[in-house]
Amino acid sequence: MRSLRIIGLSFMLLAGTVNAAELRFSLVRTAQTTSSGEFAWRDGGWVAPPVVNHIAVLIEHQGSRLLFGTGLGRQIDAQLNSAVPWREKRYGAVQPVRDQLDRDGITVDRVVLGCARWEYASGLADFADLPVLANPDSIHYASTATPPAVIPAQYAHGVDWRPLRFERRSFYGFEDSLDLFGDGRLIVVKLPGHGALGLFLLLDDGQRYFFQGDAVGSEGAQPLPADVLQVQDAQLQARLGFYPTWIE
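Residues numbered from 1 in each chain as written. Predicted model: local features only at pLDDT ≥ 70, side-chain atom pairs only at ≥ 80, totals over all residues. Heavy atoms only, no water.

**Let's talk about the pairing of strand E7 (residues 131-134)**
- Of the two faces of E7, the one lined by Pro131 and Leu133 and the one lined by Val132 and Ala134 are each fully buried.
- Two elements, strand E6 (residues 110-112) and E7, share two bridges in a ladder whose sense is parallel. The residue bridging Val111 from the neighbouring strand is Val132, located in E7.
- Taken together, the four bridges between E7 and strand E8 (residues 160-163) define a ladder with parallel strand orientation. Across the sheet, Leu133 pairs through a bridge with Arg162, a residue of E8.
- The β-α-β motif built from E7, the intervening helix H4 (residues 136-144) and the parallel element E8 has right-handed crossover chirality. (Buried < 20%, exposed > 50% of the residue type's maximum accessible area, 1.4 Å probe, protein only. Helix = DSSP H or I, 4+ residues; strand = E, 2+ residues; numbered from the N terminus. Pairing = 2+ DSSP bridges. Right-handed = clockwise from strand over helix to strand, strands pointing away.)

Rendered as structure tokens:
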């Protein structure tokens, strides 16, 4: 595993040509799970499990291009087989982020790991040359948790970890936050539990979006106001559109 370097309040900007918009993002769907096989009892009846899109968020801002999460990667089947060969693979056809971006000649500068669990970290190996920004708690979790939560093969290439240094500054009820560019446009917050992150994006038109790095709860935080769009529901994601559609 490569050496760690602490990341503070701002990025070193890398040269590159990006869109004229100050900030924009695209939802890169790598696969879709249409059924977990587990129905829930709600309001007096059985409710089918929700559709889950395995998403990475492609973001452009200030001459930099980054990914929040990686979705399912090129090696997802082999990764799961290495640790949990008995686990049913309920996701559909996989279109890795790297393949989609390579087709269009798009490169990224870094990855922000929203969660260390297998369904979010699978694509790290496809970007093995990039630094990976993460909550120090998530880095620890990645090296100590056991399958099926974490799949060691997803980290076997040697991750270039860049631990994030958070401030004790509340943001929308989350106690710890970090302004990645120092301009209020991309703010990451700690989610309760195993080091997962939430990401707030503020677009040029004033609309704020929230991405939850792990589908397991934001318990402990205050409810978000109605004007913050929480991009977790598959229906909202479909309305926004998937890569190569951009939201700006």
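**Examining the sheet that holds E8**
- Read from one edge of the open sheet, six strands run E1-E4-E5-E6-E7-E8, paired in mixed fashion. Lying at the two open borders of the sheet, with one neighbouring strand each, are strand E1 (23-33) and E8. Taken over all neighbouring pairs, the strand axes of this sheet differ in orientation by 25° on average, direction set aside.
- Relative to strand E4 (residues 52-61), E1 runs antiparallel, the two sharing ten bridges. By the bridge assignment, Leu27 is partnered in E4 with Val57.
- Packing of H4 onto the sheet brings it into contact with E7 and E8, and relative to E8 it is tilted by some 145°. (Axes fitted to C-alpha atoms, helices over the stretch in contact; angles between N-to-C directions. Contact = heavy atoms within 4.5 Å.)

**Concerning the packing of aromatic side chains**
- Under the criterion given, the structure shown has nine aromatic pairs.
- Seen in terms of ring centroids, Phe171 and Phe200 are 5.0 Å apart; in terms of plane orientation they differ by 70°. Their pairing is edge-to-face. Here the residue Phe171 occupies a position in the loop between E8 and strand E9 (177-179), and Phe200 occupies one in strand E11 (residues 197-202), the gap between them amounting to 29 residues. No difference in accessibility class separates Phe171 from Phe200, as the two residues are buried.
- One aromatic cluster in this structure is built from Phe171, Tyr172, Phe174, Phe200 and Phe210.
- Above the face of the Trp246 ring, Arg24 is positioned so that its terminal group lies 3.7 Å from the ring centre.
- The ring of Phe242 has Arg29 sitting right over it, with the charged end atom 4.0 Å from the ring centre. (Phe/Tyr/Trp six-rings, centres within 6.5 Å; stacked < 30°, edge-to-face > 60°. Lys NZ or Arg CZ within 6 Å of the ring centre and 35° of its normal.)

**Remarks on unusual backbone geometry**
- With an omega dihedral of 5°, the bond running from Pro147 to Pro148 counts as a cis peptide bond.
- Checked against the element boundaries, Pro148 lands in the loop between H4 and E8.
- For the bond running from Tyr243 to Pro244, omega is 20°, close enough to zero to count as cis.
- Of note, Pro244 is situated in the segment after helix H5 (234-240).
- Residues other than glycine seldom take positive phi values, yet Gln62 does so here, at roughly 50°.
- Tracing the chain through its elements places Gln62 in the loop between E4 and strand E5 (64-68).
- The phi angle at Tyr172 is positive, at roughly 50°, despite the residue not being glycine.
- Mapped onto the secondary structure, Tyr172 falls in the loop between E8 and E9.
- Classification of Tyr172 by relative accessible area gives partly exposed; the value is 28%.

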